[in-house]
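One-letter residues, chain by chain:
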Amino acid sequence: DAGITQSPRYKITETGRQVTLMCHQTWSHSYMFWYRQDLGHGLRLIYYSAAADITDKGEVPDGYVVSRSKTENFPLTLESATRSQTSVYFCASSASSYNEQFFGPGTRLTVL
Amino acid sequence: SQQGEEDPQALSIQEGENATMNCSYKTSINNLQWYRQNSGRGLVHLILIRSNEREKHSGRLRVTLDTSKKSSSLLITASRAADTASYFCATDEILFSGGYNKLIFGAGTRLAVHP
């Protein structure tokens with residue numbers, strides 16, 4: 001299916017566990033982004049990638065790791081999950097940094 | 001840091017009425033975008049207005065941009081129950097000299113349109 005997908009859609013984990021959220025897009029967009037959405041904060045950028053093998057930090061990168069070995073995939077890993085990382089995570093892609101971004105459906109993560 | 005701040009935080013209207021949401025931002029921008037988010041879903045792009053544009057239309061949407069006041073407004077005319085959603089403005093900010101821009105989102109306006 002064309003578009004941008006995220007998996008899993010829902011995840012419950014425990015403090016200290018490693019969790020990986022997957023993001024896949026079929027447009028061959030150069031740019032990909034990870035955001036978290038929390039009440040009262042809107043969307044905050046965690047990491048972004050301008051191309052395969054090029055990644056950089058956003059506003060709130062601490063506790064997260066990303067990689068981008070292929071253009072279409074941009075996984076986000078929480079190395080040791082904390083309760084403060086309970087949130088809804090959105091992946092997005094864009095043809096350029098000036099254009100509209102296309103968002104995935106989100107992953108609701110709960111850290112107990 | 002939040003660049004765009006939407007106002008009001010929540011808006012409740014009847015079907016057929018117009019809905020106006022405002023966005024203010026702090027620094028110079030290249031463009032400003034508006035997105036909609038239905039409950040439990042990802043954001044959907046509505047419209048992009050560039051800094052050298054003052055007004056833009058798309059169907060029932062009208063966006064204005066006043067760079068001197070660092071503000072934008074989104075007008076939805078003849079609203080429908082299906083317009084019930086949260087609306088976010090997003091402004092671009094150059095990350096570093098490489099020219100990469102990032103979008104900074106406001107906290108959004110929650111619009112409820114009652115039948």
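The paragraphs below set out a description of the structure included in this document. Worth saying up front: this structure is predicted, and the values here are computed from it rather than measured.

## Some points on the overall build of chain B
Move 1: When helices and strands are tallied, chain B shows zero helices and eleven strands.
Move 2: For chain B, the residues scored as buried account for 44% of the 115 residues in total.
Move 3: Taking contacts inside chain B between residues at least 6 apart in sequence as the whole, the part at least 24 apart equals 56%.

## Structural notes on the overall build of chain A
Move 1: A tally of regular secondary structure across chain A gives zero helices and eleven strands.
Move 2: In summary, chain A has a C-alpha radius of gyration of 13 Å against a globular reference of 13 Å for 112 residues, a match within 12%.
Move 3: In terms of principal-axis extent, the alpha carbons of chain A reach across some 35 × 25 × 25 Å.
Move 4: Each of the 112 residues in chain A was classed as buried or not, and the buried ones make up 48%.
Move 5: Counting only carbon and sulfur atoms, one obtains 48% of the accessible surface of chain A, whose full area is about 5300 Å².
Move 6: Charged side chains in chain A number 10 positive and 10 negative. The centres of these two groups are separated by 7 Å.

## Digging into the interface of chain A and chain B
Move 1: Taken together, the contacts link 21 residues of chain A with 24 residues of chain B.
Move 2: For the pairing of chain A and chain B, the buried interface totals around 1800 Å² over both sides, and the portion due to carbon and sulfur atoms is 52%.
Move 3: On the surface where chain A and chain B come into contact, there are zero salt bridges.
Move 4: Taken together, the links from chain A to chain B amount to four residue pairs in polar contact (both at pLDDT 80 or more).

## Structural notes on the nonpolar core
Move 1: Residues Leu-32, Trp-34, Leu-74, Ile-76, Tyr-87 and Leu-111 of chain B are the most contacted members of the largest nonpolar core, which totals 21 residues.
Move 2: Only strand E3 (19-24), strand E4 (31-37), strand E5 (43-50), strand E7 (61-66), strand E8 (71-76), strand E9 (85-94) and strand E11 (109-114) of chain B provide two or more residues apiece to this core.
Move 3: In this structure, Ile-4, Trp-34, Tyr-47 and Cys-91 of chain A belong to the second largest nonpolar core, which totals 18 residues.

## Here we look at the state of the cysteines
Move 1: All told, the structure shown has two disulfides over all chains when counted by the stated rule.
Move 2: A sulfur-sulfur separation of 1.8 Å characterises the disulfide bridge that pairs Cys-23 of chain A with Cys-91 of chain A. Here the disulfide of Cys-23 of chain A and Cys-91 of chain A is left-handed, its torsion about the S-S bond being about -75°. Here the residue Cys-23 of chain A occupies a position in strand E3 (residues 19-25), and Cys-91 of chain A occupies one in strand E9 (residues 87-94), the gap between them amounting to 68 residues.
Move 3: By relative accessible area, Cys-91 of chain A is classed as buried at 0%.
Move 4: Each sulfur of the disulfide joining Cys-23 of chain B and Cys-89 of chain B lies 2.0 Å from the other.

So, how was this worked out
Residues numbered from 1 in each chain as written. Chains lettered and ligands numbered in written order. Predicted model: local features only at pLDDT ≥ 70, side-chain atom pairs only at ≥ 80, totals over all residues. Heavy atoms only, no water. Helix = DSSP H or I, 4+ residues; strand = E, 2+ residues; numbered from the N terminus. Buried < 20%, exposed > 50% of the residue type's maximum accessible area, 1.4 Å probe, protein only. Contact = heavy atoms within 4.5 Å. Rg over C-alpha atoms; globule rule 2.2 N^0.38 Å. Areas by Shrake-Rupley, 256 points an atom, 1.4 Å probe, with all protein chains shown as cover. Lys, Arg positive; Asp, Glu negative; His and termini not counted. Charge placed at Lys NZ, Arg CZ, Asp CG, Glu CD. Buried area = accessible area lost by both parts, 1.4 Å probe. Salt bridge = Lys/Arg side-chain N within 4 Å of Asp/Glu carboxyl O. Polar contact = N/O pair within 3.5 Å; in protein donor to acceptor, adjacent residues only side chain to side chain. Core = buried A, V, L, I, M, F, W, Y, C linked by side-chain atoms within 4.5 Å. Disulfide = S-S within 2.5 Å.

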